[in-house]
Amino acid sequence: MRSSVPLLFAAGLVTGLTAALTVPGQAQEPKSATGAPQPGSPTAEAPVPGSETRIAVLYRPVPAPSSYDAEADPEDLGVAGARMAVKDNNTTGRFTKQTFALDEVALEEGRKPVEAAKALADKGVRFFVLALPAAEVLAVSDALKDTGAVVLNAGAPDDRLRGADCRANLFHVLPSRAMQTDALAQYLTLMRWRKVFLIVGPTERDKAYADAMRNSARKFGLKITAEKPWTFGPLAKARGDTPTRAEAMVFTRGLDYDMAVVADEEGDWGDYVPFRTVDPRPVAGTQGLIATTWHPTLETWGAAQAQNRFRRLAGRLMRPLDYQVWAAVRTVGEAATQTRSTDPAVLAAHLVKPEFSLPAYKGVSLTYRPWDRQLRQPIIVVQPKAMVSVAPEQGFIHQRTPLDTLGADEPETACKLR
């Protein structure tokens with residue numbers, strides 16, 4: 001029997017949805033911003049001295065754009081979030097006499113993350129934040145298994161890492177693809193837009209997103225009335241008009257659907273689809289209306305302060321990967337202050353206990369699922385210039401927490417931790 005029971009009682013606007021997620025009297029601000037430990041935590045009782053805790057961030061440098069691109073990824077994407085988080089950790093750490101330091105490892109072309117991680121582990125580093133693809137995340141976690149290191153995945157949404165390829169030492173900060181598409185499917189259900197036209201790109205990542213969307217459609221009672229592969233190339237990056245564009249404009253002719261969902265994780269063509277369909281229909285998925293962890297328009301629950309602090313630190317807006325790496329580094333800091341320990345075995349065990357919580361500008365404190373090491377969290381549904389909604393939507397209920405209506409629930413998981 002499925003333990004997720006997505007019963008939709010009533011539609012509501014964003015204000016009603018966010019209110020449903022907020023626990024009365026709960027702080028909406030990470031304690032690092034104020035420097036105070038969480039009420040009731042061990043650190044509130046008596047500070048104890050501790051040694052410096054080093055946290056390594058492994059990432060691949062962002063390549064320079066081949067031509068002018070107003071939305072090109074910044075060079076410090078992800079690592080800027082780590083820098084803000086380690087400052088937050090040290091602010092909180094003053095109460096426990098703990099200090100935190102960052103090892104930033106930019107993996108240049110040809111450098112293998114396993115080699116870099118092992119070299120750091122040999123120097124005593126036991127906490128690793130990875131902004132890397134799934135295969136490399138898995139390789140690093142396996143390579144570090146015998147060292148007792150804790151690995152936090154901040155960049156790979158692949159469902160298999162939370163399923164058949166899960167690992168006991170691997171924690172996932174960003175939502176899985178299933179959580180992202182579940183968030184989108186909940187909103188479509190809320191709006192009664194039940195007929196979906198799924199457009200799938202050519203890459204493996206595109207196909208994985210499409211698989212997640214199909215599963216979400218079944219889970220929440222949506223109907224995929226049409227599905228087509230995208231065969232027109234990277235039109236979103238093309239300059240000028242071409243006959244191919246004219247062919248793409250009739251791509252949606254004769255179809256019956258409420259919402260077109262694009263699966264284009266590479267960002268090659270998905271932005272071309274909105275406003276070019278034959279019938280006037282909205283577009284969602286990897287472009288258009290998206291489900292994500294962070295967005296510049298998120299200002300509630302103290303997020304505006306985080307946005308401003310990040311802008312002062314990095315000189316730019318915070319992006320989802322920045323937030324995910326920030327949350328990963330803050331996970332280590334919060335666990336260390338809550339347990340008054342820097343032992344990775346103690347911290348790893350604490351992360352999956354009900355006592356652990358991560359204040360993270362989401363209206364509720366976040367926790368890790370013990371069965372697959374996934375961070376539970378609200379997911380914001382946004383369009384490019386505004387926040388539209390927050391998942392889990394009002395009316396989707398679960399016997400444990402509404403957050404477990406997003407992604408694989410415990411009876412559904414294929415994870416067998418090892």
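Structure shown above.
Keep in mind that this is a model prediction, so the values were computed, not measured.

**Some words on the state of the cysteines**
Moving on, step 1. Within the structure shown, the criterion is met by one disulfide.
Moving on, step 2. For Cys 166, the disulfide goes to Cys 415, at an S-S distance of 2.0 Å. When the S-S torsion is 95 degrees, as for the bridge of Cys 166 with Cys 415, the disulfide is right-handed. With a gap of 249 residues between them, Cys 166 in the loop between strand E5 (150–153) and strand E6 (170–172) and Cys 415 in the segment after strand E14 (397–398) connect regions that are remote in the sequence.
Moving on, step 3. Residue classification places Cys 415 among the buried positions, given a relative accessible area of 11%.

**Quick notes on the pattern of salt bridges**
Moving on, step 1. Taken as a whole, this structure holds 25 salt bridges when the rule is applied.
Moving on, step 2. For Lys 219, the salt bridge goes to Asp 182, with nearest N and O atoms at 2.8 Å. With Lys 219 in helix H6 (residues 204–219) and Asp 182 in helix H5 (residues 177–191), the pair connects residues that are 37 residues apart, well separated along the chain.
Moving on, step 3. Between Arg 316 and Asp 322 there is a salt bridge, with its nearest N and O atoms 2.8 Å apart. The residues Arg 316 and Asp 322 share a single accessibility class, namely buried.
Moving on, step 4. Among the charged side chains, a network of salt bridges with common partners joins Arg 369, Arg 376, Arg 400, Asp 404, Asp 409 and Glu 410.

**Examining the sheet that holds strand E7 (residues 195–200)**
Moving on, step 1. The sheet built from four strands is open, its strands ordered E8-E7-E9-E10 with parallel pairing. At either margin of the open sheet sits one strand with a lone partner, and together these are strand E8 (223–229) and strand E10 (283–285). Direction aside, the axes of adjacent strands within the sheet are offset by 30 degrees on average.
Moving on, step 2. Inspection of the sheet shows strand E9 (residues 259–263) paired to E10 by three bridges, in the parallel sense.

**Focus on the environment of Leu 58**
Moving on, step 1. Along the chain, Leu 58 turns up in strand E2 (residues 52–59).
Moving on, step 2. Sequence spacing of Leu 58 and Leu 132 is 74 residues, and the spatial spacing of their C-alpha atoms is 7.5 Å.
Moving on, step 3. Setting aside anything within four residues of it in sequence, one finds Leu 58 in contact with Val 105, Leu 107, Pro 113, Ala 116, Ala 117, Leu 120, Phe 128, Val 129, Leu 130, Ala 131 and Leu 132.

Rules behind the numbers
- Residue positions are given per chain, counting from 1 as you read along its sequence in written order.
- Where totals are concerned, whole chains, interfaces and linings use all residues; where local detail is concerned, this predicted model gives features only for residues with pLDDT of at least 70, and gives and counts side-chain atom pairs only at 80 or more.
- The basis for every side-chain value is the complete set of non-hydrogen atoms in the structure, without hydrogens or water.
- Two cysteine sulfur atoms make up a disulfide if the distance between them is within 2.5 Å.
- The way it works is that DSSP assigns letters per residue, a run of H or I at least four long becomes a helix, a run of E at least two long becomes a strand, and they are numbered from the N terminus.
- Remark: exposure states derive from per-residue accessible area (1.4 Å probe, protein chains only) relative to the maximum for the residue type, with buried under 20%, exposed over 50%, and partly exposed in between.
- Every case where a carboxyl oxygen of Asp or Glu lies within 4 Å of a side-chain nitrogen of Lys or Arg is listed as a salt bridge.
- The rule for pairing is simple: two strands pair if DSSP sees at least two bridges between them.
- Helix axes are fitted to C-alpha atoms over the stretch in contact, other axes to C-alpha atoms as well, and angles between N-to-C directions run from 0 to 180 degrees.
- Two residues qualify as a contact provided that any one of their heavy atoms is within 4.5 Å of a heavy atom in the partner residue.

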